[in-house]
Amino acid sequence: MARKPRIESNDGVYHVLNRGNYRRDVFYTAKSKEAFEQTVFEVSERSGWWLYGYVIMRNHYHLALHTPRGNLISGMPWLQSTYANRYNRMRNERGHLFQGRYKSPVVEPGESLVRLINYIHLNPVRAGAVLFNQIERYPYSSLP
């Protein structure tokens, strides 16, 4: 059975997420989280994306972004392969880093986007990485 084609449009707003292959930790050090964050900033600048919110957890990430040029399909492979190559070089490893295709459900601007950004920023609390009253101290998120 063929995969469904991705929905892509100019002015698209998406919730993009993926996790480590076999659900393993990909971002388990501060250096790996910072490197992925930098790669997200690079692809956003290269692609002209508007990054509304993000969080980087131990084994997955979430992005809320807008693609004014309708180029999610070309930008995401660059993001994931560039980071995977850097990660593998840094650790002298090979192979897949992320679990299959990234997910990219379309999000309606307005209230739905605000709910998504709140969901993204609360991810470290749900995972037990920080307490709710210390959420602004989680450094690998767009909240601080």
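Residues numbered from 1 in each chain as written. Predicted model: local features only at pLDDT ≥ 70, side-chain atom pairs only at ≥ 80, totals over all residues. Heavy atoms only, no water.

### Focus on the packing of aromatic side chains
Moving on, step 1. Taken as a whole, this structure holds eleven aromatic pairs when the rule is applied.
Moving on, step 2. Summarising the aromatic geometry, the rings of Phe27 and Phe98 are spaced 6.3 Å apart at their centres and angled 45° between planes, so their arrangement reads as tilted. Of this pair, Phe27 sits in the loop between β1 (12-19) and α1 (30-47) while Phe98 is found in the loop between α2 (72-91) and α3 (111-126), placing the two residues 71 residues apart along the sequence.
Moving on, step 3. Residue classification places Phe27 among the buried residues on the basis of a relative accessible area of 0%. (Phe/Tyr/Trp six-rings, centres within 6.5 Å; stacked < 30°, edge-to-face > 60°. Helix = DSSP H or I, 4+ residues; strand = E, 2+ residues; numbered from the N terminus. Buried < 20%, exposed > 50% of the residue type's maximum accessible area, 1.4 Å probe, protein only.)

### Here's the deal with the side chain of Asn88
Moving on, step 1. With respect to the helices, strands and loops of the structure, Asn88 is situated in helix α2.
Moving on, step 2. Ignoring sequence-local partners within four residues, the contact set of Asn88 consists of Glu93, Arg94 and Gly95. (Contact = heavy atoms within 4.5 Å.)

### Regarding the pairing of strand β2 (residues 50-56)
Moving on, step 1. With six bridges connecting them, β2 and strand β3 (residues 60-67) associate as antiparallel partners. Along β3, the bridge assignment pairs Ile56 with Tyr61.
Moving on, step 2. With antiparallel pairing between neighbouring strands as the criterion, β2 and β3 make up a hairpin whose turn holds three residues. (Pairing = 2+ DSSP bridges.)

### With respect to the side chain of Thr67
Moving on, step 1. Mapped onto the elements, Thr67 comes out in strand β3.
Moving on, step 2. Here Ser9 takes part through its backbone oxygen, which lies 3.5 Å from a polar atom of the side chain of Thr67.
Moving on, step 3. In this structure Thr67 touches Ser9, Asn10, Asp11, Gly12, Tyr14, Trp49 and Leu72, once residues within four positions along its chain are discounted. (Polar contact = N/O pair within 3.5 Å; in protein donor to acceptor, adjacent residues only side chain to side chain.)

### A look at the sheet that holds β3
Moving on, step 1. Overall, antiparallel pairing links the three strands, which are arranged β1-β3-β2 in an open sheet. Of all strands in the sheet, those bounded by a partner on one side alone are β1 and β2. When the angles between neighbouring strand axes are averaged without regard to direction, this sheet yields 10°.
Moving on, step 2. Strands β1 and β3 of the sheet are contacted by α2, whose axis makes an angle of about 150° with β3. (Axes fitted to C-alpha atoms, helices over the stretch in contact; angles between N-to-C directions.)

### A word on the pattern of salt bridges
Moving on, step 1. Taken as a whole and assessed by the stated rule, the structure comprises three salt bridges.
Moving on, step 2. In this structure, Glu42 engages Arg86 in a salt bridge whose closest nitrogen and oxygen atoms are separated by 3.1 Å. Residue Glu42 is found in helix α1, and its partner Arg86 is found in helix α2; the two are separated by 44 residues along the sequence.
Moving on, step 3. Put simply, Arg115 and Glu111 hold a salt bridge, and the shortest N to O gap is 2.7 Å. (Salt bridge = Lys/Arg side-chain N within 4 Å of Asp/Glu carboxyl O.)

### Some words on the environment of Ser32
Moving on, step 1. Along the polypeptide, Ser32 turns up in helix α1.
Moving on, step 2. On the basis of relative accessible area, Ser32 is assigned to the buried category, the value being 0%.
Moving on, step 3. Each C-alpha atom of the pair Ser32 and Met90 lies 9.5 Å from the other, and the pair is 58 residues apart in sequence.
Moving on, step 4. Each residue touching Ser32, except ones within four places of it in the same chain, is listed here: Val26, Phe27, Tyr83 and Arg91.
Moving on, step 5. For Ser32, the side chain forms a polar contact with the main-chain oxygen of Thr29, separated by 2.8 Å.

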